Amino acid sequence: MRVLQIIPNLTNGGAERLTIDICNALQNKGCEVKLISFGNHNGYGELIKDIDWIILNEKSNLRFLRGYYPFAQKLQKIIDNFQPNIIHTHLFEAEIISRSCFYHKAKWFSHLHDNMPQLRNLSLQTLLNKKQLINFYEKQWLLQKYKNNGGNSFIAISRDTLKYGEKVLTPICEINYLKNAINYDNFYCKRNFLEETKLKLINIGSFQPKKNQQFLVDIAKVLKDKEIDFELRFLGDGELKSNIQEKVQKLRLQNQVFFEGNVSNVSEYLNKSNLYVHSAYYEPFGLVLLEAMAAGLPVVSLDGKGNRDIMVDGENGYMLQEQDAILFANKIIELWKDRILMNQISVKANEFAKNYDITQYCTKLLTLYQEAIDSK
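Predicted, not measured: the structure shown is a model, and the values here were computed from it. (Residues numbered from 1 in each chain as written. Predicted model: local features only at pLDDT ≥ 70, side-chain atom pairs only at ≥ 80, totals over all residues. Heavy atoms only, no water.)

### A word on the overall build of the protein chain
Okay, step 1: From N to C terminus, the protein chain includes 14 helices and 13 strands.
Okay, step 2: In terms of C-alpha radius of gyration, the protein chain reaches 22 Å, essentially the compact-globule figure of 21 Å for 376 residues.
Okay, step 3: C-alpha atoms of the protein chain, sized along the principal axes, occupy 65 × 50 × 35 Å.
Okay, step 4: Burial analysis of the protein chain (376 residues in total) assigns 56% to the buried set.
Okay, step 5: Of the roughly 17,000 Å² that the protein chain leaves accessible, carbon and sulfur atoms contribute 47%.
Okay, step 6: Of the side chains in the protein chain, 47 bear a positive and 42 a negative charge, and the two mean positions are spaced by 5 Å. (Helix = DSSP H or I, 4+ residues; strand = E, 2+ residues; numbered from the N terminus. Rg over C-alpha atoms; globule rule 2.2 N^0.38 Å. Buried < 20%, exposed > 50% of the residue type's maximum accessible area, 1.4 Å probe, protein only. Areas by Shrake-Rupley, 256 points an atom, 1.4 Å probe, with all protein chains shown as cover. Lys, Arg positive; Asp, Glu negative; His and termini not counted. Charge placed at Lys NZ, Arg CZ, Asp CG, Glu CD.)

Here it is as C-alpha cells:
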C-alpha cells in the first residue's frame, strides 16, 4: 500500500508527533510512505531519519473565491508520480492546500486533531464576522473538492472531536473514531517514588491561551506558600511564554519554575519528573498525557473535554472540574504525601498507556485504509 501523509510543518506538537509515528509504524508494516510538509523545520531529530520526507518550502494563501494555490502543480506532480492508494492530511493548512490537487485513484483521509473552527456551520455570527465568513466559504470550497475526489473520510481523535465532526460534516463525509496513540517503548519507564525527596512537576505544551499555563504558576505560588519543596518545568515555546515568565518573576518563583523551551528529548525530562500537571481548559485529546503515563507519571489535570477519554480518576491520575489553584495544589500535595498510592497509580498509568501504542493504532488505521480502498 502506498500512503502519502501531508502536514504543514514538523514543529513540536501533538499532531506533528502523531504523524511521524504513523509514518514510521506504517513503514514497519510494509507500506510505502512519503511525508510532505510545507517547511523544512524539524523538531523531532532522528525520529524522521527513515522517512521519505519531501519539503515544499513555499508560502501561499488561499485566493478568496478562487481556491487556487501557486505551487499546487508541484504537489500535484508528486501525487501523480507516487500514485498513492491513500492521501492522508493533518491540520487545516494541509487540508485546504492538498484539495487544490485532484487524484481520484486514491482514497482521501483527513485527521480531526481538534475542532477545526473553519468547519463550523453557518450562523448569524458567521455573517457578521469577516474571518468566520471566509472560513465558511473555505468549508464550502472543501466540500466541493471532497465530492470531486470521490468522497472523504475523517478521523476523529476523541469523543469530543467526533461529536463536533458529526455536527458540522455529516451526512456529507464519513467520520471514523480512532483515539490517538504514542510510541510506547520510547516513553516507558518503571518508577518507584518511595525514595524521592523533591516534588518534580512537569508540563509540556505550546504557550497559547487554551493551554492556560498561568494557572500552573498560580499553583506553584500555593505550593511555595505551603512550604512544599518542589520544582516545575515547562517544556515548549509560544506567544504567551514571555507573559508567563513575567508572572514567575513577579511572584518570585524563579528558584522553583524553569523554562526549557522546545526539546527533542522529551522522554528524558519525563523520566526526571515525578508528577505531570496539565492546565489546558480545552484539549482535543491530550497526547502528552499518554506520554507522561507511559513514563509512569501520575497526572493531575483540568477537564479539557477531549482528555475525558483518557483520564480515569484514581487510576492513572485525577481530573479536576474546577479551576481553583488551591484545590489543584491540595490534590498534588495529597498525592505527594502518599508515595505508596503514587506507585500504584504509576503502575496503572503504565498499563493504561500501553493500550495506546502506535503499533496497535496503525493496525486499526490500515483496516480503515483497506476498507476505503475496497469500497472504491
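The discussion continues.
### Details of helix 11 (residues 287-294)
Okay, step 1: Counting buried positions over the eight residues of helix 11 gives eight, a clear majority of the element.
Okay, step 2: Taken together, the buried positions of helix 11 are occupied by Leu287, Val288, Leu289, Leu290, Glu291, Ala292, Met293 and Ala294.
Okay, step 3: Positive backbone phi, approximately 80°, marks glycine 296, located one or two places after helix 11.

### A look at the state of the cysteines
Okay, step 1: What the rule picks out here adds up to zero disulfides.
Okay, step 2: In this model cysteine 23 remains outside any disulfide bridge; the closest cysteine sulfur is found in cysteine 362, 8.9 Å from its own.
Okay, step 3: Since its relative accessible area comes to 0%, cysteine 23 is described here as buried.
Okay, step 4: With no disulfide of its own, cysteine 362 has cysteine 31 as its nearest cysteine by sulfur position, at a separation of 8.2 Å. (Disulfide = S-S within 2.5 Å.)

### As for the pattern of salt bridges
Okay, step 1: Enumeration over the complete set of coordinates arrives at 15 salt bridges.
Okay, step 2: Of the charged contacts, one joins aspartate 21 and arginine 17 as a salt bridge, the two residues approaching to 3.7 Å between their closest N and O atoms. Of the two residues, aspartate 21 and arginine 17 both sit in helix 1 (residues 14-28), four residues apart, roughly one turn of that helix.
Okay, step 3: For aspartate 21, a relative accessible area of 5% puts it in the buried group. (Salt bridge = Lys/Arg side-chain N within 4 Å of Asp/Glu carboxyl O.)

### A look at the sheet that holds strand 9 (residues 230-235)
Okay, step 1: If you walk across this open sheet you meet the six strands as 10-9-8-11-12-13, and the pairing is parallel. One side of each edge strand has no neighbouring strand; the edge strands of this open sheet are strand 10 (257-261) and strand 13 (317-320). Put simply, the sheet's adjacent strands are angled 20° from each other on average, direction ignored.
Okay, step 2: Along the sheet, helix 11 contacts strand 8 (199-204), strand 11 (275-278) and strand 12 (299-302); its crossing angle with strand 11, the most-contacted strand, is approximately 170°. (Pairing = 2+ DSSP bridges. Axes fitted to C-alpha atoms, helices over the stretch in contact; angles between N-to-C directions. Contact = heavy atoms within 4.5 Å.)

### Observations concerning the packing of helix 1 against helix 14 (residues 358-375)
Okay, step 1: Contact pair helix 1 / helix 14: the axes reach a minimum separation of 10 Å and the direction vectors enclose 80°. Relative to helix 14, helix 1 is oriented roughly perpendicular. On the side of helix 1, the interface is formed by Leu18, Asp21, Ile22, Ala25 and Leu26, while helix 14 contributes Ile358, Tyr361, Cys362, Leu365, Leu366 and Tyr369.
Okay, step 2: Partitioning the contact of helix 1 with helix 14 into residue classes produces 10 nonpolar, no polar and one charged. (Parallel < 35°, antiparallel > 145°, perpendicular 65-115°, else oblique. Nonpolar A, V, L, I, M, F, W, Y, C, P; charged D, E, K, R; others polar.)

### Focus: the packing of helix 11 against helix 13 (residues 339-354)
Okay, step 1: Their axes nearest at 7 Å, the elements helix 11 and helix 13 cross at an angle of 125°. Taken together, helix 11 and helix 13 sit at an angle that is classed as oblique. Crossing of helix 11 over helix 13 shows left-handed handedness. Along its contact with helix 11, which presents Leu290, Met293 and Ala294, the element helix 13 presents Ala349, Asn350, Phe352 and Ala353.
Okay, step 2: Split by residue class, the contact of helix 11 with helix 13 holds six nonpolar, one polar and no charged. (Left-handed = near helix turned anticlockwise from the far one by under 90°.)

Interpretation note: all reported values are geometric properties and have no functional meaning in isolation.
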